[in-house]
Amino acid sequence: MPIPTMKDKPESSGKLQRSIGFPMLVLYGMGTMVGAGFYALAGKVAGTAGLFAPIAFGLAGLLALFSALAFAELSSRIPHAGGSARYLEEVFGKQWLSAIVGWLIITTGIVSAATLTVATVRFIRDFVSLPEQLTLVAVALIMGGIAAWGVRQAVGVVAGICVLQIATLLYVVFGSATLPDPTAVSWAELLPPLESTAWLGILSAAFLAFYAFIGFEDMVNMAEEVKDVRTTMPWALILALILTALLYMVVSTALMLTIPPETLASAKTPLAEAVRHHGAWAVGAIGIISILSAVNSALVQIVMVARVAYGMAERDYAPAVLGRVSARTKTPWVATVLATLAIIVLALSLEMTTLANATSVVLLSVFTVVNIGLWWLKGRDKEQQPAGRFSLPRSVPLIGAGVSVAALLFKLWQALT
């Protein structure tokens, strides 16, 4: 059966607008990954892997790359805002399955954004005494307003904050190099021995660090707003993940060379340990960037949720009202407004910890099914992939599925111990 291809849609008041080019898409992709995850996980990974934390981050990036490659090919084959939900419809031909996956992704996005909104407000209240509930509503409305304002504006904000995050991480590298009393660790000590004990710790830390890379999958939901999407999206996704992995490895290497892993593991804000000798302003700057990182991640989730809802409405497995696009801003404004209101309700009324932990389980399950789906699709319709399109060996999505299952089992093991 031939694979139906989706032609670029005309720019009209009812359709999304293609306005995002390759550089902005790469920065947007990095913005989905470079964020609060690394700020929180840097210490935990150091505590698990010790001096081999850079290897753990590199290995985690490699593990994430297998699934990223699957999403890259699918975004080239089926460039649709519905992302994973649309891919599974293409593979299995079951709208009910696509609807379930789509609503699960929407739910996890809203829960993640609500959790990040609460974290943002708590960061802010560490600096300024403000009424918590009013601040929660204000922060959520500002993010929702940016998401509804226009895709170029929303992507621009995400990319701008991403540049600040990268600059801050490079400043952490500089701070590490200028520590007045660094630990005496040589480069050779960062190379693990060929011993099972060392590599068990590295592997455990790599699965822990894997969660710092979750977010790359949100890029594919921009498929209907990207110029030359079939070429641009796959390579932007891959480049964003590789650059993020390299950045994490550089920063963790700088930390390992100068600060004991146990110090990082016990620190409330691990990255601040590298700049504390520069004074309170430096530590404060790390805190401010932490706030912006949480805002960035939450904004990405709102943008993603609105696009998935739009894509589902277009395929008739979500209410048609969610597919309404503003004639002026070219954004799915109804879906954005409803997502923002849901985030406010969750942030104000529910305990987030359990729900937030469940989101990563859902996403890893989706990664597994999407990888298996691509493996099946390539076996069924291998002759239908047009020449010149982004295409992988059939073994790659199978490896991606295995990695996702392993990460899922690791997450469940963590929850039980």
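### As for the overall build of the protein
Assigned secondary structure in the protein consists of 14 helices and 0 strands. Counting from the amino terminus, helix and strand elements in the protein follow one another as α-α-α-α-α-α-α-α-α-α-α-α-α-α. With respect to the principal axes defined by its C-alpha atoms, the protein has extents near 65 × 50 × 40 Å. For the protein, contacts bridging at least 24 residues in sequence account for 82% of all contacts bridging at least 6. Counting only carbon and sulfur atoms, one obtains 68% of the accessible surface of the protein, whose full area is about 16,900 Å². Computed over 26 positive and 22 negative side-chain charges, the separation of the two mean positions in the protein equals 9 Å.

### Some words on the nonpolar core
In this structure, Val-45, Phe-210, Phe-216, Leu-255 and Leu-271 are the most contacted members of the largest nonpolar core, which totals 141 residues. Considering each element in turn, this core owes the most residues, 18 residues, to helix 11 (residues 280-314). The residues contacting Leu-271, other than those within four sequence positions of it, are Phe-38, Tyr-39, Ala-42, Leu-169, Val-172, Val-251 and Leu-255.

### Quick look at a nonpolar patch on the surface
On the surface, Phe-22, Trp-235, Leu-239, Ile-242, Leu-243 and Leu-246 cluster together to form a nonpolar patch covering roughly 520 Å² of accessible area. The leading source of residues in the nonpolar patch is helix 9 (residues 229-258), at 5 residues. Along the chain, Leu-246 turns up in helix 9.

### Side note on the pattern of salt bridges
Inspection of every chain in the model, using the stated rule, returns 8 salt bridges. Between Glu-273 and Arg-276 there is a salt bridge, with the nearest N and O atoms lying 2.8 Å from each other. Several salt bridges converge on common partners, so that one network encompasses Arg-86, Glu-89, Glu-90 and Arg-315.

### Overview of the packing of aromatic side chains
Summed over all chains, the structure comprises 14 aromatic pairs. Between Phe-38 and Tyr-248, the aromatic rings sit 4.2 Å apart at their centres with planes inclined by 10°, giving stacked as the arrangement. Placement of Phe-38 in helix 2 (residues 36-49) and of Tyr-248 in helix 9 is noted, with a sequence separation of 210 residues between them. Look at Phe-410 and Trp-413: their rings are 5.8 Å apart centre to centre, the planes differ by 35°, and that puts the pair in the tilted class. Of this pair, Phe-410 and Trp-413 are both found in helix 14 (residues 395-416), 3 residues apart, which corresponds to roughly one turn of the helix. Using a relative accessible area of 12% as the deciding quantity, one classes Phe-410 as buried. Taken together through their ring pairs, the aromatic side chains of Phe-38, Phe-57, Phe-213 and Tyr-248 make up a single cluster. Stacked on the ring of Trp-375, the Lys or Arg Arg-394 has its end atom at 4.1 Å from the ring centre.

### Topic: the confidence of the model for the protein
Mean pLDDT over the protein stands at 88; residues scoring 70 or higher make up 93%. Below pLDDT 50 for its whole length, residues 1-13 participates in 30 contacts with residues either more than four positions away or in separate chains.

### Observations regarding the side chain of His-80
Counting through the fold element by element, His-80 comes out in the loop between helix 3 (53-77) and helix 4 (84-92). By relative accessible area, which is 1% here, His-80 ends up buried. A polar contact of 2.9 Å, which involves the side chain of His-80, links it to the backbone nitrogen of Gly-82.

### Remarks on the packing of helix 8 (residues 196-209) against helix 14
Packing of helix 8 against helix 14 brings their axes to within 10 Å, and their N-to-C directions diverge by 95°. The angle between helix 8 and helix 14 falls in the class roughly perpendicular. Contacts from Ser-204, Phe-207 and Leu-208 in helix 8 reach Val-403, Ala-406, Ala-407, Phe-410 and Gln-414 in helix 14. Here the contact of helix 8 with helix 14 is composed, by residue class, of 6 nonpolar, 2 polar and no charged.

### Things to note about helix 8
Helix length check: helix 8, at 14 residues, gives a terminal C-alpha distance of 19 Å against a target of 20 Å (1.5 Å per residue), a fit within 8%. Every buried residue of helix 8 is listed here: Ala-198, Gly-201, Ile-202, Ala-205, Ala-206, Phe-207, Leu-208 and Ala-209.

### Looking at the environment of Ala-320
Take Ala-320: it is sitting in the loop between helix 11 and helix 12 (333-349). Residues Ala-320 and Tyr-310 lie 10 residues apart in sequence; the distance between their C-alpha atoms is 8.4 Å.

### Some details on the packing of helix 7 (residues 151-177) against helix 9
Two elements in contact, helix 7 and helix 9, have axes separated by 9 Å at closest approach and are oriented at 25°. In terms of axis orientation, helix 7 runs roughly parallel to helix 9. Two packed elements cross with a definite hand, and for helix 7 against helix 9 that hand is left-handed. Across from Ile-166, Leu-169, Leu-170, Val-172, Val-173 and Ser-176 in helix 7, the residues of helix 9 making contact are Leu-247, Val-250, Val-251, Ala-254, Leu-255 and Thr-258.

### Remarks on unusual backbone geometry
A positive phi angle is found at Asp-228, which is not glycine, with a value near 45°. Looking at the element boundaries, Asp-228 is found in the loop between helix 8 and helix 9.

### Regarding the environment of Arg-324
Its location among the elements puts Arg-324 in the loop between helix 11 and helix 12. Taking C-alpha positions, Arg-324 is 6.3 Å from Val-334, a pair spaced 10 residues apart along the chain. For Arg-324, the contacting residues outside a window of four places in its chain are Thr-331, Pro-332, Trp-333 and Val-334.

Rules behind the numbers
- Residues numbered from 1 in each chain as written.
- Predicted model: local features only at pLDDT ≥ 70, side-chain atom pairs only at ≥ 80, totals over all residues.
- Heavy atoms only, no water.
- Helix = DSSP H or I, 4+ residues; strand = E, 2+ residues; numbered from the N terminus.
- Contact = heavy atoms within 4.5 Å.
- Areas by Shrake-Rupley, 256 points an atom, 1.4 Å probe, with all protein chains shown as cover.
- Lys, Arg positive; Asp, Glu negative; His and termini not counted.
- Charge placed at Lys NZ, Arg CZ, Asp CG, Glu CD.
- Core = buried A, V, L, I, M, F, W, Y, C linked by side-chain atoms within 4.5 Å.
- Buried < 20%, exposed > 50% of the residue type's maximum accessible area, 1.4 Å probe, protein only.
- Patch = residues over 30% accessible without salt bridge, like charges linked within 9 Å, V, L, I, M, F, W, Y side chains within 5 Å.
- Salt bridge = Lys/Arg side-chain N within 4 Å of Asp/Glu carboxyl O.
- Phe/Tyr/Trp six-rings, centres within 6.5 Å; stacked < 30°, edge-to-face > 60°.
- Lys NZ or Arg CZ within 6 Å of the ring centre and 35° of its normal.
- pLDDT = per-residue confidence, 0-100.
- Polar contact = N/O pair within 3.5 Å; in protein donor to acceptor, adjacent residues only side chain to side chain.
- Axes fitted to C-alpha atoms, helices over the stretch in contact; angles between N-to-C directions.
- Parallel < 35°, antiparallel > 145°, perpendicular 65-115°, else oblique.
- Nonpolar A, V, L, I, M, F, W, Y, C, P; charged D, E, K, R; others polar.
- Expected span 1.5 Å × (residues − 1).
- Left-handed = near helix turned anticlockwise from the far one by under 90°.

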